[in-house]
Amino acid sequence: MRIIRTDNYDALCKIAADIITAQILLKPNCVLGLATGSSPVGVYKMLVQKHRDEHLDFSRVRSFNLDEYVGLSPNQEQSYAWFMSEHLFKHINILPANTDIPNGIAENIQNECDRYDAKITSCGGIDLQLLGIGQNGHIGFNEPSSSFTCGTNHTRLSDSTIKANKQYFETGKRIPTHAITMGCRDILQSKRALMIALGDNKALAVRDMLTGPITPMVPASILQLHRDFTLIADGAALSKLENHKLAVNTLTSP
Ligand code: PGA
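Let me sum up the structure you'll find in this document. Residue positions are given per chain, counted from 1 along the sequence in the order it is written. At least 70 in pLDDT is required for a residue's local features to be given in this predicted model, at least 80 for side-chain atom pairs to be given and counted, and no such filter applies to totals for whole chains, interfaces and linings, which use all residues. Here the side-chain values reflect all heavy atoms present in the structure, with hydrogen atoms and water set aside.

With that settled, the discussion passes to the pattern of salt bridges. Each salt bridge in this description consists of a side-chain nitrogen of Lys or Arg and a carboxyl oxygen of Asp or Glu lying within 4 Å of one another. Throughout the structure, instances matching the rule amount to 15 salt bridges. Between Lys-27 and Asp-127 there is a salt bridge, with its nearest N and O atoms 3.1 Å apart. Separated by 100 residues along the polypeptide, Lys-27 in the loop between helix 1 (9-26) and strand 2 (31-34) and Asp-127 in the loop between helix 4 (109-122) and strand 6 (128-131) bring together distant segments of the chain. The class for Lys-27 is partly exposed, based on a relative accessible area of 32%. Residue Asp-127 is classed as buried on the basis of its relative accessible area, which comes to 5%. Two residues, Arg-115 and Asp-100, come together in a salt bridge whose shortest N-O distance is 3.1 Å. Linking Arg-115 in helix 4 with Asp-100 in strand 5 (residues 99-100), this pair joins segments that are 15 residues apart in sequence. Residue class for Arg-115 comes out partly exposed when judged on its relative accessible area of 33%. Residue classification places Asp-100 among the buried residues on the basis of a relative accessible area of 6%. Each helix corresponds to a stretch of at least 4 residues labelled H or I by DSSP, and each strand to a stretch of at least 2 residues labelled E; elements are numbered beginning at the N terminus. For the exposure calls, accessible area comes from a 1.4 Å probe over protein chains only, and a residue counts as buried if that area is under 20% of its type's maximum, exposed if over 50%, partly exposed in between.

Here you go:
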């Protein structure tokens, strides 16, 4: 496990974008696991810049997103398919056929979960998985008490997740209560995992992930067992680790 502390969001995004870039340069046909939410927005912005200014080539990259709301179609602005198109896909040369996001309006959600896992496997698994962390310790939409052994699954969102995501929905609009999410097993099986966490509202979740027991009550705690896990975080997100003896690399921006 590596922990990198940065002093601001730009520095955090730059390190994450550099790690993803290195992955693409080392293996141009790599499989990326991608995340949504507010944390990765700046990372995607930097990858778009690298594509534009440094010709970073996504033409052979494959991607699988972590999750999607059940009931939202890709042309609804709150869907994660829409998010990925707006923030990344439409600005780079990734082939649409090489991008996969769970289909939130599939007729049979269980079949969709099975299809998704089978496709990840047929592509050789995920080389690098980008992650955020929820205030309740969720990864993807694996909420507290999710099984560690689950592959892609149909899940009910916790009340705290629904509350945290409310900001993305117009007042009065129905907020989805269910999602399809890659499972903890899928995430643990990725060859590398890269998490970004910022803000003091993530500090307790980060502390429990890194120093608490490995328990389904803190889904991110399974990352203690990941073979190659890097956390990039700001001081606020790491603020509850002060009494714990963990090696933290501090990188300050120039
Ligand atoms: P955030 O969400 O990036 O919007 O903070 C992360 C998550 O809930 O996984």
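Residues Val-31 and Gly-33 line one face of strand 2 and the alternating positions Leu-32 and Leu-34 line the opposite face, and both faces are buried. Pairing between strands is defined by DSSP: at least two bridges between the two strands are required. Of the strand pairs in this sheet, strand 2 and strand 3 (residues 62-65) are connected by four bridges, and their pairing is parallel. Counterpart to Gly-33 in the pairing with strand 3 is Phe-64. For the crossover from strand 2 across helix 2 (residues 41-54) to strand 3, the handedness is right-handed. As paired elements, strand 2 and strand 6 share two bridges and run parallel to each other. Counterpart to Gly-33 in the pairing with strand 6 is Gln-129. The handedness rule is simple: strands pointing away from the viewer, and a clockwise path from the first strand over the helix to the second, make the crossover right-handed.

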